[in-house]
Amino acid sequence: MKIIHSMGSVRQTVLGWRRAERRVGLVPTMGALHEGHASLIRRARRENDEVVVSIFVNPVQFGPGEDFSRYPRPFVRDAALCRREGVSVLFAPKPSALYSTDHQTWVTVEKLAGPLCGPFRPGHFRGVATVVLKLFNMVQPDRAYFGKKDFQQLRVIEQMVNDLNVPVKIVPCPTVRDPSGLALSSRNAYLSPDERAAAPRLRRALRTAGQVLKSRRNVREAQRAARNELRQVPGARIQYLEILDPKTLSVPKKTGPFLLAAAVYVGRTRLIDNLLVRGAL
Ligand code: PAF
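Residues numbered from 1 in each chain as written. Predicted model: local features only at pLDDT ≥ 70, side-chain atom pairs only at ≥ 80, totals over all residues. Heavy atoms only, no water.

Participant: Just to check I follow, could you spell out the sheet that holds strand 9 (residues 269-277) for this structure?
Facilitator: Within a sheet, adjacent strands bond to each other through the backbone by hydrogen bonds, running parallel or antiparallel. The strand order across the open sheet built from 3 strands is 7-8-9, with neighbouring strands paired in antiparallel fashion. Each edge of the open sheet carries a strand with a single partner, namely strand 7 (236-244) and strand 9. Direction aside, neighbouring strands of the sheet carry axes that sit 15° apart on average. In the sheet, strand 8 (residues 258-266) pairs with strand 9 via 9 bridges, with the strands oriented antiparallel. Directly across from Leu 260, in strand 9, lies its bridge partner Leu 275. This element, helix 8 (residues 201-216), spans strand 7, strand 8 and strand 9 of the sheet and lies at about 30° to strand 9. Seen against the sheet, helix 9 (residues 219-231) touches strand 7 and strand 8 and runs at an angle of roughly 160° to strand 7. (Pairing = 2+ DSSP bridges. Helix = DSSP H or I, 4+ residues; strand = E, 2+ residues; numbered from the N terminus. Axes fitted to C-alpha atoms, helices over the stretch in contact; angles between N-to-C directions. Contact = heavy atoms within 4.5 Å.)

Participant: Even after reading the chapter, I still don't get helix 3 (residues 75-84), so can you show me in this structure?
Facilitator: Since the α-helix advances by 3.6 residues per turn, residues separated by three or four positions end up pointing in the same direction. Every buried residue belonging to helix 3 is among Asp 78, Ala 79, Leu 81 and Cys 82, and all of these are buried. Along helix 3, the residues classed as buried sweep out an arc of 160° about the axis, all on the same side. Along helix 3, exposed side chains directed more than 90 degrees from the buried face belong to Val 76, Arg 77 and Arg 84. Buried residues along helix 3 sit against strand 1 (2-4), helix 2 (35-47), strand 3 (50-55) and strand 4 (89-91). Gly 86 sits one or two residues past helix 3 and shows a positive phi near 80°. (Buried < 20%, exposed > 50% of the residue type's maximum accessible area, 1.4 Å probe, protein only. Arc of directions from axis to C-beta.)

Participant: Looking at this structure, I do not really get the nonpolar core. What am I missing?
Facilitator: One recurring pattern in soluble globular proteins is that nonpolar side chains are buried together. Among the nonpolar cores identified, the biggest contains 45 residues, and Phe 91, Phe 136, Met 160 and Ile 170 are the most heavily contacted of them. Within the residue set of this core, elements represented by two or more residues are helix 1 (7-19), strand 2 (24-29), strand 4, helix 5 (124-139), strand 5 (143-147), helix 6 (151-163), strand 7 and strand 8. In terms of residue count, helix 5 provides more of this core than any other element does, 10 residues in total. Leaving out residues up to four positions away in the same chain, Met 160 has contacts with Val 107, Val 109, Ala 129, Val 132, Leu 133, Phe 136 and Val 166. (Core = buried A, V, L, I, M, F, W, Y, C linked by side-chain atoms within 4.5 Å.)

Participant: Explain unusual backbone geometry to me, please; I cannot follow it from the model alone.
Facilitator: Note: most residues except glycine have negative phi, and most peptide bonds are trans. Cis geometry is found at the peptide bond from Gly 256 to Pro 257, where omega equals -5°. Here Pro 257 shows up in the loop between strand 7 and strand 8. Despite not being glycine, Glu 21 shows a phi value in the positive range, around 55°. Of note in this structure, Arg 217 is not a glycine but carries a positive phi near 55°. Residue Arg 217 is classed as partly exposed on the basis of its relative accessible area, which comes to 48%.

Participant: Sorry if this is basic, but what is going on with the sheet that holds strand 5 here?
Facilitator: Read across the open sheet, the 6 strands follow the order 1-4-3-2-5-6; overall the sheet is parallel. Every interior strand has two partners, whereas the edge strands, strand 1 and strand 6 (169-173), have only one. On average, adjacent strands in this sheet sit at an angle of 25° to one another, irrespective of strand direction. Two elements, strand 5 and strand 6, share 5 bridges in a ladder whose sense is parallel. Of the residues in strand 6, the one forming a bridge with Tyr 145 is Val 171. Strands in contact with helix 1 are strand 1, strand 2, strand 3 and strand 4; relative to strand 4, the strand with the most contacts, it is inclined by about 150°. Taken strand by strand, helix 2 contacts strand 2, strand 3, strand 5 and strand 6, and its axis lies near 155° from that of strand 5.

Dropping the structure here:
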């Protein structure tokens with residue numbers, strides 16, 4: 001596995017692969033890799049001849065007061081995971097290689113960035129869409145792999161690629177969970193043992209909402225049931241709990257499907273999760 005820090009070098013490598021008609025998969029990450037990332041890498045390996053993993057903690061997708069400076073950066077461990085998983089290139093650009101001091105161009109996906117995390121993380125999806133488009137331009141992959149845990153992020157990127165005719169196929173991948181049902185996330189590392197024990201209740205609350213939605217056929221009742229369940233979790237604070245149309249991220253159609261999505265603080269750690277429910281009300 002090659003570790004590359006410069007755009008010129010990653011481009012040269014990918015150009016060589018292209019000349020040899022090798023298909024290239026990209027797994028964009030911010031590092032602190034876990035089994036969820038490993039599953040993206042494995043899928044990318046199955047579907048491509050070469051796999052690039054990018055690691056870049058993207059400053060412009062963090063708001064003031066968010067965890068940019070304390071975001072975990074275990075580079076040596078991450079590189080070992082990539083090597084073990086058969087990654088061809090680990091691309092770890094320096095911030096100065098991505099953003100010049102005169103950076104002025106941003107990608108804004110207007111409607112899809114509005115709901116859910118949008119109001120609580122202003123500028124976040126603009127930062128994500130911009131860095132992902134930059135990574136696509138640098139690496140020029142055939143396919144790129146994103147987890148469904150960050151469902152809104154996935155929809156924003158799908159829309160961007162569609163709107164701007166970016167020749168990259170976006171591959172949505174299932175959320176990976178630990179045995180308790182907690183969705184794997186680099187931020188789980190912030191949880192204390194008590195918080196870690198409480199965190200799986202987010203998933204359980206979403207499942208309760210899903211059951212209520214199916215049995216009572218009522219969006220508000222379903223939301224209420226999940227909120228009530230989460231209120232009983234010590235140290236948990238709900239930021240949002242919404243039931244939306246998974247395509248438009250707006251009011252769902254009676255015919256479904258339904259996206260049940262939540263952001264909950266457990267102590268100081270913000271966790272997000274979601275559940276897709278099919279079927280009509
Ligand atoms: O999901 C992430 O890790 C990041 O938001 C991404 C897509 C790598 C962009 O920085």
